[in-house]
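# Report on the structure
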Amino acid sequence: MNAETAWKIPDPVSVCEVCLDDASITTVRRYGNSSGLRLVLSHANGLAADLYYPFWSLLADDFDLMVYDLRNHGWNRVGAQQNHNIPILMHDHDLILESIADRYGDKLTVGVFHSVSALISLLSFSRRFSALVLFDPPLCKPTANEAEFDAAAERLAAAARRRGHRFRTEEEFAEFLAYMPGFARVLPGVRELTASATLRRSPDGQGYELRCPREYEAQLIDYVRSFSPLLDLENLPCPTKVIGADPTLRGTYLPAFDLSKMMTVDYDFLPESTHLLQLEQPAACAALLRDFLQSIRLA
């Protein structure tokens, strides 16, 4: 893809609207090969499932893709801030899986999640998955202890609360991202895709604003620091692959503070990648996913 080519999200094969407990609705979009192994995919805090199209489009020929946004993100309307927390997202996660099975039938299902959605899938401990492929879940930092992890989370939450949230145009936001270190390695066109996937028209008609409000994003970061230590990597419910960013780069997570516990997880990382590895090296991420599924005889 060259710099002049835009990523265009195709229309889904079908959609499934899932009513969540507080009358919020999330829309599951179906893409790909309906006869293939089912993959359920979601995204990181503050982002959107459509943004990952450079990654999941590479899987569409062979897999039955179910793509959805976390509440208050992406296609979804913004609801009450008090309901934007990890326990409710865990409950949403289970409702969404049940609704997919009810609408499209039960079959082997693999969860493919990034960052906070990966954490939610681990915490929910769902028995509906035959396997999990998790990209850079926010578990711990290299060389950090729990106190340092908390301090880093506080800094990240504070930065989220300060971030710009209104822009005159989508192009202005894409240009703004060009100066953000986190977007320095993404593929051409991804910054523009980020603008279209994570901005919506402001209610007053004056420009654009973040689909996920910055206060909501920061609040979820505060929850992550409390829930990450609860994970028990020695008792995972299904075969699990963790694919991390380059651990020598800033902003990378590792599966555990105790390196001996990392032996309980099938862990790999992509050199020269950051937390947005699926937007930087989507082909390599898709290849690692396929290799793992073949190793456990699901593909």
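Summary of the structure given here. Nothing here was measured: the structure is a model prediction, and the numbers come from that model.

Turning our eyes to something else, we now look at the pattern of salt bridges. Taken as a whole, this structure holds 13 salt bridges when the rule is applied. The salt bridge involving Asp50 is made with Arg29; its shortest N-O contact spans 3.0 Å. Placement of Asp50 in the loop between β3 (37-41) and α1 (53-56) and of Arg29 in strand β2 (residues 25-32) is noted, with a sequence separation of 21 residues between them. Per residue, the accessibility class of Asp50 equals that of Arg29, and both read buried. For Glu215, the salt bridge goes to Arg214, with nearest N and O atoms at 3.7 Å.

Another point: the environment of Tyr53. Among the secondary structure elements, Tyr53 is positioned in helix α1. By relative accessible area, which is 17% here, Tyr53 ends up buried. Between the alpha carbons of Tyr53 and Pro10 there is a distance of 9.4 Å; along the sequence they are 43 residues apart. If we ignore the near neighbours within four places in the chain, the residues touching Tyr53 are Trp7, Lys8, Ile9 and Pro10.

Moving on, we come to helix α3 (residues 116-124). Where burial is concerned, most of α3 is hidden: nine out of the nine residues are buried. Residues Val116, Ser117, Ala118, Leu119, Ile120, Ser121, Leu122, Leu123 and Ser124 constitute the buried set of α3. Taken together, the buried residues of α3 touch α2 (86-104), β5 (109-114), β6 (131-135) and α7 (214-227). Following α3 by one or two positions, Phe125 has its phi on the positive side, about 55°.

The terminal C-alpha atoms of α7 lie 20 Å apart, and with 14 residues this matches the ideal 20 Å at 1.5 Å per residue to within 8%. Those residues of α7 that sit buried are Arg214, Tyr216, Glu217, Ala218, Gln219, Leu220, Ile221, Val224 and Phe227.

Here eight strands make up an open sheet; going across it, the order is β1-β2-β4-β3-β5-β6-β10-β11 and the pairing mixed. Edge strands, defined here as strands with exactly one partner in the open sheet, are β1 (14-19) and β11 (266-269). For this sheet, the mean angle separating the axes of adjacent strands, direction not counted, is 20°. With five bridges joining them, β5 and β6 adopt parallel strand pairing. Directly across from Phe113, in β6, lies its bridge partner Leu134. Of the strands in this sheet, β5 and β6 are in contact with α3, which crosses β5 at around 135°. Along the sheet, helix α9 (residues 282-295) contacts β3, β4 (63-67), β5, β6, β10 (240-244) and β11; its crossing angle with β6, the most-contacted strand, is approximately 155°.

A word on the nonpolar core. Counting residues in each nonpolar core, the largest one holds 45 residues, and the members touching the most others are Leu39, Phe55, Trp56, Leu65, Val112 and Leu289. If one sorts the elements of this core by residue count, α9 sits on top with six residues. Leave out the neighbours within four places in its chain, and Val112 touches Leu39, Val40, Leu41, Ser42, Phe55, Val133, Phe135 and Leu289. Counting 32 residues, the second largest nonpolar core, distinct from the first, contains Met90, Phe129, Leu132 and Phe227.

What follows is about the side chain of Asp64. Counting through the fold element by element, Asp64 comes out in strand β4. A residue is classified by how much of its surface remains accessible, and Asp64, at 0% relative accessible area, is buried.

Along the chain, Glu272 falls in the loop between β11 and α8 (277-280). Taking the C-alpha atoms as reference points, Glu272 and Asp246, separated by 26 residues in sequence, lie 5.7 Å from one another. With residues near it in sequence (within four places) discarded, Glu272 still touches Arg185, Asp246, Leu249 and Gln281.

So, about the sheet that holds strand β7 (residues 166-167). Strand order in the open sheet formed by three strands is β7-β9-β8, with antiparallel pairing between adjacent strands. Each having just a single partner strand, β7 and β8 (199-201) make up the two edges of the open sheet. Sheet topology note: the β7/strand β9 (residues 208-210) ladder contains two bridges and is antiparallel. Note that in β9 the partner of Arg166 across the bridge is Glu209.

The next point concerns the packing of aromatic side chains. As enumerated under the stated definition, the model contains nine aromatic pairs in all. Taken together, a centroid distance of 5.3 Å and an interplanar angle of 75° make the contact between Phe55 and Phe135 edge-to-face. Of this pair, Phe55 sits in helix α1 while Phe135 sits in strand β6; the two residues are 80 residues apart in sequence, bridging distant segments of the chain. When the centroid spacing of 5.9 Å and the interplanar angle of 70° are considered together, the rings of Phe113 and Phe129 count as edge-to-face. Placement of Phe113 in strand β5 and of Phe129 in the loop between α3 and β6 is noted, with a sequence separation of 16 residues between them. Comparing Phe113 with Phe129, the two get one shared label, buried.

Parameters at a glance
Residues numbered from 1 in each chain as written. Predicted model: local features only at pLDDT ≥ 70, side-chain atom pairs only at ≥ 80, totals over all residues. Heavy atoms only, no water. Salt bridge = Lys/Arg side-chain N within 4 Å of Asp/Glu carboxyl O. Helix = DSSP H or I, 4+ residues; strand = E, 2+ residues; numbered from the N terminus. Buried < 20%, exposed > 50% of the residue type's maximum accessible area, 1.4 Å probe, protein only. Contact = heavy atoms within 4.5 Å. Expected span 1.5 Å × (residues − 1). Pairing = 2+ DSSP bridges. Axes fitted to C-alpha atoms, helices over the stretch in contact; angles between N-to-C directions. Core = buried A, V, L, I, M, F, W, Y, C linked by side-chain atoms within 4.5 Å. Phe/Tyr/Trp six-rings, centres within 6.5 Å; stacked < 30°, edge-to-face > 60°.

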